[in-house]
Amino acid sequence: MSIQVIQLTKTYGKQQAVDHIDFHVATGEIVGFLGPNGAGKSTTMKMITGFIPPSSGGGSVCGIDMVENSLEVRKIVGYLPENNPLYPEMYIKEYLTFMAGLSGVSDVKKAVTDAIALTRLGPEQHKKIGQLSKGYRQRVGLAQALLHNPKVLILDEPTSGLDPIQVAEMRNVITDLGKEKTVMLSTHIMQEVEAMCERVIMINKGKIVANETLTSLKERHKGSLEDIFKQLTHHVDLI
Amino acid sequence: MWTLYKKEIRSFLGSLIAYIVMGVYLVLTGLFLWFVDGNNVFDLGIASLQVMFDIAPYILIFLVSAVTMRSISDEKRLGTLEILTTKPITDTAIILSKFFASLTLILFALLLTSVYAYTISQLANPIGNVDMGSMLGSYLGLLLLAACYTAIGLFSSSITDNQIVALLTSMVISFFFYAVLSMLGDVSWLDSIGRSLAWFGLEFHYDSISRGVVDTRDIVFFGGFTAIFLGCTQLVFESRKW
């Protein structure tokens, strides 16, 4: 089991951002983490990657406890945070070299070259990050997550703000990566999930409302994934 | 930790901050030492860097705050703090790397003024007749003082994502601990309370080391002061977990 989460809870004041959720992601799976904005997707991912600790509950990544042993978990997890934060004044290679060092990679040069190749950053690799288009920046963010050859990838909205061509390219890259790695990605775009994921975990107001394969979800609820999403998150159409 | 330290140093060198800080420090101390009317070296006729050591703590308040203002606030603004803190590196290591990177820069600025020290020793009669103990003590004092300012600066930078707020906060806190507390020591009606308060000020210990007498109590005070502010920075870092 790559990711295992048990009764994971995060409370901000009186608000339950994530409310006693359980799920697991098997090794080699690509799982879509779906939900409306503010459902608790990012918070869950932040807890798995060790940015914030859970209020209660916990879990493990590849058998390593994510609260007790957060530093060890971080070594095997690649994380692309929401909004893909970067240093605009750094060169791509400079940034990736820095990140590889932080991740404790032994052969930094090879790691950087590999990550650049995997994310197809080649033609732009000598530019400053600030000069890149949004699509390329997103690839730099992904490259950063891949440097230490992590077993598990956690991607928070990897395709947000990209144009259709960039989205398609990003999907290809992620699908390729999914052949070797366990991938958990969050999104609120339905087509994304249909294109990439085998299984869907749907979350609403901090609670899991669906956790099954795409095919069984569609069979059970009928209609398009978008309709199912609206139905499960109690969305009321305004028109 | 070494990786982050190197990146910080590189970003100083790349963003001109390093050159500006060193240049400004050298020019300002030089002006006061050699040119400003009233108590420059020639007016006083004493081969000593005392004038520089008197003014340097005030110049450093400004410069150290300028060096440290970005270090954490900018990571917060860009969101890169989330990347840093989800790498296999502890919060303490992040803070210490940034602390030592800033302090290294200041150390270089301080060392540049050794040019003045050499000039002074050449001007002395006979040549080389300077109070080395006091001079080395003062340099050590300045370095320890800079460490305290750097810790204050990092703390100020950690509580905001706005560089200007960080700069001003750092300057106010540094000025308070260097100058205001020691002024309280001179207020007559505060009497012994004032003198105790002055003991908590940085100037009291800086003056003491400047005389060339390296007292462990002063070293411990500077070390403790730095540690307390770095600890506060760590607390702010961890507040995301509450």
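Here's what I pulled together on the structure shown here. Note that the structure is predicted; figures quoted are calculated from it, not measured.

1. Quick notes on the overall build of chain B
Turning to step 1, where the next piece is worked out: Within chain B, the secondary structure is distributed over 13 helices and 0 strands.
Turning to step 2, where the next piece is worked out: Walking chain B from its N terminus toward its C terminus, one meets helices and strands in the order α-α-α-α-α-α-α-α-α-α-α-α-α.
Turning to step 3, where the next piece is worked out: Relative to the compact-globule value of 18 Å for 242 residues, chain B shows a C-alpha radius of gyration of 19 Å, a close match.
Turning to step 4, where the next piece is worked out: Oriented by its inertia axes, the alpha-carbon framework of chain B measures out at about 60 × 45 × 30 Å.
Turning to step 5, where the next piece is worked out: In chain B, buried positions account for 39% of the 242 residues.

2. Topic: the interface of chain B and chain A
Turning to step 1, where the next piece is worked out: Taken together, the contacts link 17 residues of chain B with 20 residues of chain A.
Turning to step 2, where the next piece is worked out: Broken down by class, the residue content of the side of chain B that touches chain A amounts to 5 nonpolar, 7 polar and 5 charged.

3. A closer look at the sheet that holds strand β1 (residues 3-12) of chain A
Residues and elements named next belong to chain A.
Turning to step 1, where the next piece is worked out: Spatially, 4 strands are ordered β2-β1-β4-β5 in an open sheet, and the strand pairing comes out antiparallel. In this open sheet, the two edge strands, each paired with only one partner strand, are β2 (15-25) and β5 (64-65).
Turning to step 2, where the next piece is worked out: Inspection of the sheet shows strand β4 (residues 56-61) paired to β5 by 2 bridges, in the antiparallel sense. Counted as the bridge partner of V61 is I64 from β5.
Turning to step 3, where the next piece is worked out: Seen against the sheet, helix α1 (residues 41-48) touches β1, β2 and β4 and runs at an angle of roughly 115° to β1.

4. Structural notes on the sheet that holds strand β6 (residues 77-80) of chain A
Residues and elements named next belong to chain A.
Turning to step 1, where the next piece is worked out: The strand order β6-β7-β8-β3-β9-β10 describes an open sheet built from 6 strands, whose pairing is mixed. The sheet is open, and its two edges are formed by β6 and β10 (207-213), each paired on a single side. Averaged over all neighbouring strand pairs, the angle between strand axes comes to 15°, with direction disregarded.
Turning to step 2, where the next piece is worked out: Both strand β3 (residues 30-34) and strand β8 (residues 182-187) contribute to a ladder of 5 bridges, which runs parallel.

5. As for helix α8 (residues 214-221) of chain A
Side chains of residues three or four places apart in an α-helix project in the same direction, reflecting 3.6 residues per turn.
Turning to step 1, where the next piece is worked out: A small share of α8(A) lies buried, amounting to 0 of its 8 residues.
Turning to step 2, where the next piece is worked out: Looking at the residues trailing α8(A), positive phi occurs at K222(A), about 60°.

6. A closer look at helix α2 (residues 17-35) of chain B
Residue and element names in this part refer to chain B.
Turning to step 1, where the next piece is worked out: The terminal C-alpha atoms of α2 lie 26 Å apart, and with 19 residues this matches the ideal 27 Å at 1.5 Å per residue to within 8%.
Turning to step 2, where the next piece is worked out: Burial in α2 covers these residues: V21, Y25, T29, F32 and L33. Projected down its long axis, α2 carries its buried residues within an arc of 100°, all on one side. Exposed residues pointing more than 90 degrees away from the buried face of α2 are listed as Y19, V27, L31 and F35.
Turning to step 3, where the next piece is worked out: Contacts made by the buried residues of α2 are with α3 (41-44), α4 (50-68), α7 (91-112) and α8 (114-123).

7. Description of unusual backbone geometry
Turning to step 1, where the next piece is worked out: With an omega of -5°, the peptide bond running from N125(B) to P126(B) counts as cis.
Turning to step 2, where the next piece is worked out: Here P126(B) shows up in the loop between α8 and α9 (132-158).
Turning to step 3, where the next piece is worked out: A positive phi angle, near 45°, is found at H20(A), a position not held by glycine.
Turning to step 4, where the next piece is worked out: Note that H20(A) resides in strand β2.
Turning to step 5, where the next piece is worked out: Residue classification places H20(A) among the partly exposed positions, given that 14 C-beta atoms sit within 10 Å.
Turning to step 6, where the next piece is worked out: Its identity as a non-glycine residue notwithstanding, K205(A) has a phi of 50°, on the positive side.

8. A short note on the nonpolar core
Turning to step 1, where the next piece is worked out: Ranked by internal contacts, the top residues of the largest apolar core, which has 119 residues, are L96(A), A143(A), I154(A), L145(B), A146(B), C148(B) and A151(B).
Turning to step 2, where the next piece is worked out: Considering each element in turn, this core owes the most residues, 13 residues, to α9(B).

9. As for the environment of F225(B)
Residues and elements named next belong to chain B.
Turning to step 1, where the next piece is worked out: The residue F225 is located in helix α13 (residues 216-238) in this model.
Turning to step 2, where the next piece is worked out: According to the C-beta neighbour criterion, F225 is buried, with 21 such atoms within 10 Å.
Turning to step 3, where the next piece is worked out: For F225 and W2, which are 223 residues apart along the polypeptide, the C-alpha to C-alpha distance reads 24 Å.

10. Points about the packing of helix α1 (residues 2-14) of chain B against α7(B)
Residues and elements named next belong to chain B.
Turning to step 1, where the next piece is worked out: Look at α1 against α7: their axes get within 8 Å of each other, and the N-to-C directions meet at 40°. In terms of orientation, α1 lies oblique with respect to α7. The two elements α1 and α7 meet at a crossing, and its hand is right-handed. On α7, the residues touching L4, Y5, E8, I9 and F12 of α1 are I94, S97, K98, F100, A101, T104 and L105.
Turning to step 2, where the next piece is worked out: Here the residues of the contact of α1 with α7 are counted per class, giving 8 nonpolar, 2 polar and 2 charged.

Parameters at a glance
- Residues numbered from 1 in each chain as written.
- Chains lettered and ligands numbered in written order.
- Predicted model: local features only at pLDDT ≥ 70, side-chain atom pairs only at ≥ 80, totals over all residues.
- Helix = DSSP H or I, 4+ residues; strand = E, 2+ residues; numbered from the N terminus.
- Rg over C-alpha atoms; globule rule 2.2 N^0.38 Å.
- Buried ≥ 20, exposed ≤ 12 C-beta atoms within 10 Å, placed from the backbone.
- Contact = placed C-beta atoms within 7 Å.
- Nonpolar A, V, L, I, M, F, W, Y, C, P; charged D, E, K, R; others polar.
- Pairing = 2+ DSSP bridges.
- Axes fitted to C-alpha atoms, helices over the stretch in contact; angles between N-to-C directions.
- Expected span 1.5 Å × (residues − 1).
- Arc of directions from axis to C-beta.
- Core = buried A, V, L, I, M, F, W, Y, C linked by C-beta atoms within 7 Å.
- Parallel < 35°, antiparallel > 145°, perpendicular 65-115°, else oblique.
- Left-handed = near helix turned anticlockwise from the far one by under 90°.

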